[in-house]
Amino acid sequence: MSYLSYCEAFIALFQDITIYWKKVSAASAPSTESPALEKNVRTLYSIILCLVASVIKKEIVKALDSSSPVSILLCGPPGCGKSEFLKQIRNHFEQESLFIDGSYGTKAGIFQILYNKRPKYVLLDEIDKLSSPDQLALLNLMENGKLTKTTKSESYEIDLEAWVFATANNEQKILEPLLDRFEAYYLTEYTDDQFRAIAAKRLKQEGIENEELALFIANAVLRGLGRKSFRDAIRIARKSKTIQDVEETIQTLRKYDRK
């Protein structure tokens, strides 16, 4: 069993512990120890999830440092933190990387963006949302190190040695030859407790030292908006100083959110 598998096994174990603890708590009289125990369980989740993230991050760093292109794909449902890995690469290699959101296609596709920028690191969020022509262009780039375009109005072929790091919600929407070019890692969606633990840690990094407020924001996003979005939690945290501020924002988002 790999180190990553051990970490995932520990996560499953602590999920079982949490379920058991909640059953015991529901069947027994309120205890002053319950909040402390819940905090300990959240802390354990956070530690173990950090270990899993560290294992994957180590593989990404090895790929970044490789002498020839190595491409990595992170697959998993929304809410499992895939995009955060790409953002970390972008933050560390701002001048050498290009971040492309696959869910926002352009008429020219990714051809023109890659041709203009010619990045070393191509960061593709939601690669499964790319059109088939764009996926074929990416396949050619990864196989041959060339960016090729041939149309009635334009024709070119340039050498472009690029490391591709991508995320996908649904691997079945990726062309099989393209999928085969990646070293793929499959992530699972965070449980509610995992989301709370990681969100609280992320918000602390954003300057929210009040743990009660951080947990309230995480719960508000989870329960009030019905999603596990670190982006939502961070946006709300940046403009909220009190619990009342958070409640007002959640109410407004719920009222005017997309139906």
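Residues numbered from 1 in each chain as written. Predicted model: local features only at pLDDT ≥ 70, side-chain atom pairs only at ≥ 80, totals over all residues. Heavy atoms only, no water.

Engineer: Outline helix H8 (residues 211-224), listing residues and values.
Structural biologist: Taking 1.5 Å per residue, 14 residues should reach 20 Å; H8 reaches 19 Å between its end C-alpha atoms and fits that length. All of the buried residues along H8 are Leu213, Ala214, Leu215, Ile217, Ala218, Ala220, Val221, Leu222 and Gly224. Its side-chain oxygen placed 3.0 Å from the backbone nitrogen of glutamate 212, asparagine 210 serves as the N-cap of H8. At the C-terminal side of H8, glycine 226 shows a positive phi close to 70°. (Helix = DSSP H or I, 4+ residues; strand = E, 2+ residues; numbered from the N terminus. Expected span 1.5 Å × (residues − 1). Buried < 20%, exposed > 50% of the residue type's maximum accessible area, 1.4 Å probe, protein only. Polar contact = N/O pair within 3.5 Å; in protein donor to acceptor, adjacent residues only side chain to side chain.)

Engineer: Go over the pattern of salt bridges with me, naming the residues and quoting the values.
Structural biologist: Scanning all chains against the criterion turns up 12 salt bridges. Note that glutamate 126 and lysine 129 form a salt bridge whose closest N and O atoms lie 3.3 Å from each other. The class for lysine 129 is partly exposed, based on a relative accessible area of 42%. Through salt bridges with shared partners, a single ionic network connects Glu84, Lys87 and Arg202. (Salt bridge = Lys/Arg side-chain N within 4 Å of Asp/Glu carboxyl O.)

Engineer: Could you give me a rundown of the confidence of the model for the chain, with the residues and numbers involved?
Structural biologist: Per-residue pLDDT for the chain has a mean of 79; in total, 75% of the residues score no lower than 70. The element-level mean pLDDT for the chain is lowest in helix H1 (residues 3-27), coming to 47, with helix H6 (residues 176-179) highest at 95. This model gives residues 28-33 a pLDDT under 50, and the stretch forms 0 contacts once residues within four places in sequence are excluded. (pLDDT = per-residue confidence, 0-100. Contact = heavy atoms within 4.5 Å.)

Engineer: Lay out the sheet that holds strand S2 (residues 97-101) in plain terms, naming residues and giving numbers.
Structural biologist: Pairing is parallel across the open sheet formed by 5 strands, whose spatial order is S2-S3-S6-S1-S7. Here the strands that pair on one side only, and so sit at the sheet edges, are S2 and strand S7 (183-186). The mean inter-strand angle of the sheet, taken between neighbouring strand axes irrespective of direction, is 15°. When strand S1 (residues 72-75) meets S7, the two strands line up parallel, connected through 4 bridges. (Pairing = 2+ DSSP bridges. Axes fitted to C-alpha atoms, helices over the stretch in contact; angles between N-to-C directions.)

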